[in-house]
Amino acid sequence: MDGSLCCEACSVYPSHNAALLFLEYFQTGEVKWASGQAELGSALQLLVMACMYDVPHLVCTVEVALLGLLDMDNCCSMLAVADHHEAQQLRACCMHFIRKGHHLLSPLDIYKQLSTELQSEIAEGM
């Protein structure tokens, strides 16, 4: 995979599978997930590619798929990726999710790894 597609800032490195999904989207206008529904890794990789190549409809499509996968284990990493790539819909939902579960998440390492700016924004919205 081309190194220029990698995003070291959010540690997402698109795979061959994500590249195939990306190309297939341009042929069909839709994303056909291998198992019939999105898988977290491939979906995040596809989101990064859609953002890097400025494909707004694909960004929205992947954001919706990722919302169905949002949980306590991945909400902070999803927020970091969404924030970095300006995926606003996903970012807003992650913020809401984290604020609702702040008492459970704030002591965890996954929360502490968020930037101080994101942690401040979460706290301000509570």
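Since the structure is predicted, the reported quantities are computational estimates derived from the model, not experimental observations.

Calculation notes
- Residues numbered from 1 in each chain as written.
- Predicted model: local features only at pLDDT ≥ 70, side-chain atom pairs only at ≥ 80, totals over all residues.
- Heavy atoms only, no water.
- Axes fitted to C-alpha atoms, helices over the stretch in contact; angles between N-to-C directions.
- Helix = DSSP H or I, 4+ residues; strand = E, 2+ residues; numbered from the N terminus.
- Parallel < 35°, antiparallel > 145°, perpendicular 65-115°, else oblique.
- Left-handed = near helix turned anticlockwise from the far one by under 90°.
- Contact = heavy atoms within 4.5 Å.
- Buried < 20%, exposed > 50% of the residue type's maximum accessible area, 1.4 Å probe, protein only.

Novice: Teacher, can you tell me more about the packing of helix H2 (residues 40–52) against helix H3 (residues 56–67) here?
Specialist: Describing two packed helices takes the angle between their axes plus the distance from one axis to the other. Where H2 contacts H3, the two axes come as close as 9 Å, and the packing angle between them is 155°. In terms of axis orientation, H2 runs roughly antiparallel to H3. Crossing of H2 against H3: the hand is left-handed. Together, Leu40, Ala43, Leu44, Leu46, Leu47, Ala50 and Cys51 of H2 and Leu58, Val59, Val62, Glu63 and Leu66 of H3 make up the contact between the two elements.

Novice: Sorry if this is basic, but what is going on with unusual backbone geometry here?
Specialist: What you tend to see is this: most non-glycine residues have negative phi, and most peptide bonds are trans. With phi around 50°, Asp54 is a residue other than glycine that occupies positive phi space. Here Asp54 shows up in the loop between H2 and H3. Given a relative accessible area of 62%, Asp54 falls into the exposed group. At Glu86, a position not held by glycine, the phi torsion is positive, near 55°. Relative to the helices and strands, Glu86 is located in the loop between helix H4 (75–84) and helix H5 (88–100).

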